[in-house]
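So you can see what is in the structure, the chains are spelled out below.
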Amino acid sequence: MQKHDGMNYAPAGKPNPVVTPGEFIFAAIGLDHGHIYGMCNGLREAGATLKWVYDSDPAKVAAFCAVYPEVRIARSEQEIMQDREVRLIAGAAVPAERCALGLRAMSHGKDYFTDKTPFTTLEQLAQAKAKTAETGLKYAVYYSERLHVESAVFAGQLIEEGAIGRVVQVLGLGPHRLNAASRPPWFFDRSLYGGILCDIGSHQIEQFLYFAGCKDAVVTSSKVANYANKAFPELEDYGDATLVGDNGATNYFRVDWLTPDGLGTWGDGRTIILGTEGYMELRKYIDIARDPQGDQLYLVNGSGEKHFSLSGQVGYPYFGRLILDCLHRTELAMTQEHAFKAAELCLIAQMKAVRMDT
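Just so we're clear, the structure is a prediction, and the values are computed from it rather than from any experiment.

## Comments concerning the sheet that holds strand 15 (residues 354–355)
Read across the open sheet, the nine strands follow the order 14-13-12-11-7-10-9-8-15; overall the sheet is mixed. A single partner strand is all that each edge strand has here, and the edge strands are strand 14 (304–309) and strand 15. Here strand 8 (residues 217–225) runs beside strand 15; their pairing, made up of two bridges, is parallel. Bridging from a neighbouring strand, lysine 223 pairs with valine 354 of strand 15. Along the sheet, helix 11 (residues 336–352) contacts strand 8, strand 9 (238–245) and strand 15; its crossing angle with strand 8, the most-contacted strand, is approximately 50°.

Here it is, written out as structure tokens:
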């Protein structure tokens, strides 16, 4: 079994185009994180046309072109920005550089779709808010652990149908494999990756807000540590936080870079959602020692116990909705308020975090 490290996790699903070829053209700029492949896969499966790619590293561009041989290699970022056919820029730049890329894209009239975490400082968030207000363009965020996971998509549908009643608590576990030798230098630079709660913690906070139906929340406590990787002093290999939503729902999540080599995938990500009339557990990427296939969902409510194996069954509606939102200026995929609120709370959790390993 291939043991992904999380940098190269790029889900592929069934094509479900919402536009015809050439109707929605996008470009990729910034290939620093492997999530760019998942972002491009999702958009292409929804019918978008990938026209351009640009990165300052020729090796990254060559690897990208091997996956998407139809793409044109731009001589500069500006060549893409000046192309009026391009409606959206997808980017997975170094986290600290993601906001600046988005501001440039929106200044050229393009919607922007960035990997998480979208910001590493509250100042960047303020700049993005101002730019979206000024331009009316989108600053969309690839919160992949919900948007590109079929069990998470299905969980949202079950909640909407009332399968577990009112959601009162979300427990998120986001372990990742470090695989330090494969990581670029920025990964170990706190000023560039933003801290563990800011980075992979952003997935967890976004999921809580969505599943629990919160528009806002308070970070009541947060902690970070470097327990096992002292050779990288600016790395945080552990983090956790507790939040309380504006509707009374609560959240605890843990993220880490401590996945052991014996696990058959890059991380045993799980989400447990408690409602007033039932609960569910998502085993997203593997069902350890039982089934190497992820996207397993377990549901218990008044009707009994149910198990759903969801790989290839649900799809990824976010990407088609994002394309249509860009075309029609709607907010069906995700509201801008929600995307920014999740980012704000992960930054606050990071800023408030108590260091545990001193």
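## Notes on the environment of glycine 13
Along the chain, glycine 13 turns up in the segment before strand 1 (25–31). When its relative accessible area of 27% is taken as the criterion, glycine 13 is described as partly exposed. As a C-alpha pair, glycine 13 and isoleucine 348 span 335 residues in sequence and 34 Å in three-dimensional space. Residues within four places of glycine 13 in sequence aside, it is in contact with Glu45 and Tyr316.

## Side note on the UniProt feature "domain: GFO/IDH/MocA-like oxidoreductase" (unreviewed entry) in the chain
When the UniProt feature table is mapped to this numbering, "domain: GFO/IDH/MocA-like oxidoreductase" (unreviewed entry) covers residues 156–280. Taken end to end, residues 156–280 has its terminal C-alpha atoms 11 Å apart, with 17% of it in helix and 34% in strand.

## Remarks on the pattern of salt bridges
Summed over all chains, the structure comprises 22 salt bridges. Lysine 51 is paired through a salt bridge with aspartate 83; the nearest N and O atoms lie 2.7 Å apart. Of this pair, lysine 51 sits in strand 2 (residues 49–54) while aspartate 83 sits in the loop between helix 3 (77–81) and strand 4 (86–92), placing them 32 residues apart in sequence. Residue classification places lysine 51 among the buried residues on the basis of a relative accessible area of 13%. By relative accessible area, aspartate 83 is classed as buried at 12%. Shared partners join several salt bridges into a network, and the residues in it are Asp268, Arg270, Glu281, Arg283, Asp287 and Arg290.

## Here's the deal with the packing of aromatic side chains
Enumeration over the complete set of coordinates arrives at 21 aromatic pairs. Between tyrosine 112 and tyrosine 139 the ring centres are 5.0 Å apart and the planes differ by 75°, which places this aromatic pair in the edge-to-face class. Of this pair, tyrosine 112 sits in strand 5 (residues 111–115) while tyrosine 139 is found in strand 6 (residues 139–142), placing the two residues 27 residues apart along the sequence. This pair shows no difference in class: tyrosine 112 is buried, exactly as tyrosine 139 is. Here phenylalanine 188 and phenylalanine 232 contribute two aromatic rings whose centre-to-centre distance is 4.1 Å and whose plane-to-plane angle is 20°, an arrangement assigned as stacked. Here the residue phenylalanine 188 occupies a position in the loop between strand 7 (167–175) and helix 8 (190–193), and phenylalanine 232 occupies one in the loop between strand 8 and strand 9, the gap between them amounting to 44 residues. On the basis of relative accessibility, which here comes to 27%, the residue phenylalanine 232 falls in the partly exposed class. Here the guanidinium or amino end of arginine 72 rests over the ring plane of tryptophan 52, the centre of that ring lying 5.4 Å away. The ring of phenylalanine 187 is capped by arginine 183, whose NZ or CZ atom sits 4.6 Å from the centre of that ring.

So, how was this worked out
Residues numbered from 1 in each chain as written. Predicted model: local features only at pLDDT ≥ 70, side-chain atom pairs only at ≥ 80, totals over all residues. Heavy atoms only, no water. Pairing = 2+ DSSP bridges. Helix = DSSP H or I, 4+ residues; strand = E, 2+ residues; numbered from the N terminus. Contact = heavy atoms within 4.5 Å. Axes fitted to C-alpha atoms, helices over the stretch in contact; angles between N-to-C directions. Buried < 20%, exposed > 50% of the residue type's maximum accessible area, 1.4 Å probe, protein only. UniProt positions renumbered as here; feature names shortened; annotations may be inferred. Salt bridge = Lys/Arg side-chain N within 4 Å of Asp/Glu carboxyl O. Phe/Tyr/Trp six-rings, centres within 6.5 Å; stacked < 30°, edge-to-face > 60°. Lys NZ or Arg CZ within 6 Å of the ring centre and 35° of its normal.

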